[in-house]
Amino acid sequence: MESKNFHLSGQIVDVLNRRVFPGRIIVEKGKISNIEETDSADEVFILPGFVDAHVHIESSMLVPSEFARVAVRHGTVAVVSDPHEIANVCGMQGVEFMIENGKTAPFLFHFGAPSCVPATSFESSGDRLDKKDVETLLSNKDIYFLAEMMNFPGAIHGDPEVIGKIEAAQKYGKVIDGHAPGLTGRELQAYIQRGISTDHECMTLDEAREKIRGGMKILIREGSAARNMEELLPLLEEYPGQIMFCTDDSHPDTLLERNINFIVREALYRGYDLFDVLRAACVNPVQHYGLRVGLLRTGDKADMIVVENLESFEVLKTVINGEVVFEDGESKIPALRIEDVPNNFLTEKIEKMDLGIPALSGKVRVIEMTDGELITRSVIMETNLESGFAVSNLKKDVLKLVVINRYSKQRPQCAFVKGFGLKEGALASSIAHDSHNIIAVGVGDEDIVNAINAVVETKGGLAVSRQGESFTLPLPVAGLMTNDPAEIVAGKYHRLENIAKEMGSPLCAPFMALSFLSLLVIPELKLGDRGLFDVTKFEFTGLFVE
């Protein structure tokens, strides 16, 4: 698609100057050459495009070019993306794949340099990026920021690797993103003083306010599983210049339905000021990160959307660099298929005997989860015993959880989780934040083994096993993404989720919830490929208690 010369007539939403007026926008060679105010104009509304201020493209299970094809339907013209997931699997090769594939689509990708690969030294990832690798990335004009610094203890206490990465970002004048759930007080101030400028993991309004007072920007997040919009929306009224919107992790079915436009609609429905909302959705990310995105000014790149009204924000047209990429209900970005894709998958199939847990007592530490939250609790509960082995306790919703290193043949690690709700069967996935080993949950070992082996057979993907029958969604791109069109991926994913819910899970996004049970940087208790991990103490802990 080539840039065209054209004009648009409508009600122009000038977010920067907080006014709406009838007018005409003249586009020449992909840029806005003039904005003319007129006495009257078409009854549609023209405004800057939406920006997702923090997203992991990999979580959509789509390669960047396919993500773009869908996102423009919702008026999203740009994303700030951390390719952290694929970097944990394939290292620098994975980051380069995301950048190059993103260039094949007329969409504004802004990738960052992953700061924590692996996220911790307590789990096994497919690769690692040291401070030299990160500096190499930051020197690249296609890298816009140092991505979320999850190792907040390292930042606070001056770990040389962490400090080296931060100093490299400062050397190249690039923004540093944060990731510090629950961090407050003196430790928060020490974290901010390192130059870390954002956080998308706030759990409470008071935590977010403290971070803003310290100088941070706060991202209101509404993804497939992790959501804090309801809690944090009051910040729009209190600190409109410090707020951005993001989806963080959205699965393919969610992406087909909505993106940043959903947060915009919900905020307006709740009575928040139109210009404060649009400032967070369109302007603040561009200004904070220095993005190459136009803001509907003369001389800007022609990046804009046309919507039917300012209530539903039904998108009629999306324009990027002067190209119409969405119009009349149809994305103009073609679906592409990439033949040469990266992956890193070396583990082998397992047997039922590999999952036995010899019982040392009748009480175990259990990961207690809450739907829609990444934070878990560590609780002590009783599990069932069979022939000297600890097994799932369905009456108390205590199910076996398994993590297996996918980069080499290692012994599976087993623990228990409460809140998943399955009454039968098992789920398995090669999406397990952040190192993306295989993670599985289930009622009985036979189904757990079947689900895990289905993932191994396809060298990455999602699987459900019920009564010995397995259903899969293969993810051949790093075990995280697929080449298939979004509609096909969403259909397969939706089928697996429905089966999981038929098996008893009440969770809104069972696979998304499962993927975070191995994230060792989110409190309180998680399971990695090396064992059960107490995130509060930042150390391994035993499964059994006396």
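These notes cover the structure that comes with them. (Residues numbered from 1 in each chain as written. Predicted model: local features only at pLDDT ≥ 70, side-chain atom pairs only at ≥ 80, totals over all residues. Heavy atoms only, no water.)

### So, the state of the cysteines
Phase 1 of the analysis: One pass over the full model with this rule turns up zero disulfides.
Phase 2 of the analysis: The structure places no disulfide on C246, whose sulfur is separated from the nearest cysteine sulfur, that of C202, by 11 Å.
Phase 3 of the analysis: Its sulfur unpaired, C282 is 15 Å from the next cysteine sulfur, which belongs to C246.
Phase 4 of the analysis: The class of C282 is buried, set by a relative accessible area of 1%. (Disulfide = S-S within 2.5 Å. Buried < 20%, exposed > 50% of the residue type's maximum accessible area, 1.4 Å probe, protein only.)

### Concerning the pattern of salt bridges
Phase 1 of the analysis: Inspection of the entire model under this criterion finds 29 salt bridges.
Phase 2 of the analysis: With a shortest N-O distance of 2.7 Å, R209 and E238 are connected by a salt bridge. You can see R209 sitting in helix 8 (residues 205-213) and its partner E238 sitting in helix 10 (residues 235-238), a full 29 residues away along the chain.
Phase 3 of the analysis: With relative accessibility at 21%, the residue R209 sits in the partly exposed group.
Phase 4 of the analysis: Residue E238 is classed as partly exposed on the basis of its relative accessible area, which comes to 35%.
Phase 5 of the analysis: The closest approach of N and O atoms between K492 and D484, which form a salt bridge, is 3.9 Å.
Phase 6 of the analysis: Overall, D484 belongs to the buried group, its relative accessible area being 18%.
Phase 7 of the analysis: Overlapping salt bridges bring together E66, R69, R73 and E487 as one network. (Salt bridge = Lys/Arg side-chain N within 4 Å of Asp/Glu carboxyl O. Helix = DSSP H or I, 4+ residues; strand = E, 2+ residues; numbered from the N terminus.)

### Section: the pairing of strand 23 (residues 426-429)
Phase 1 of the analysis: Side chains of strand 23 alternate between two faces, with A426 and A428 and L427 and S429 buried alike.
Phase 2 of the analysis: Two elements, strand 23 and strand 24 (residues 438-442), share four bridges in a ladder whose sense is antiparallel. Paired with A428 across the bridge in strand 24 is A440.
Phase 3 of the analysis: Pairing of strand 23 with strand 25 (residues 461-466), which is carried by four bridges, proceeds in the antiparallel orientation. The partner of L427 across the bridge, within strand 25, is V464. (Pairing = 2+ DSSP bridges.)

### Quick word on the side chain of H56
Phase 1 of the analysis: Of note, H56 is situated in the loop between strand 5 (50-55) and helix 1 (64-71).
Phase 2 of the analysis: Other than its neighbours up to four places away in sequence, H56 contacts S81, D82, H84, E85, E148, D248 and D249. (Contact = heavy atoms within 4.5 Å.)

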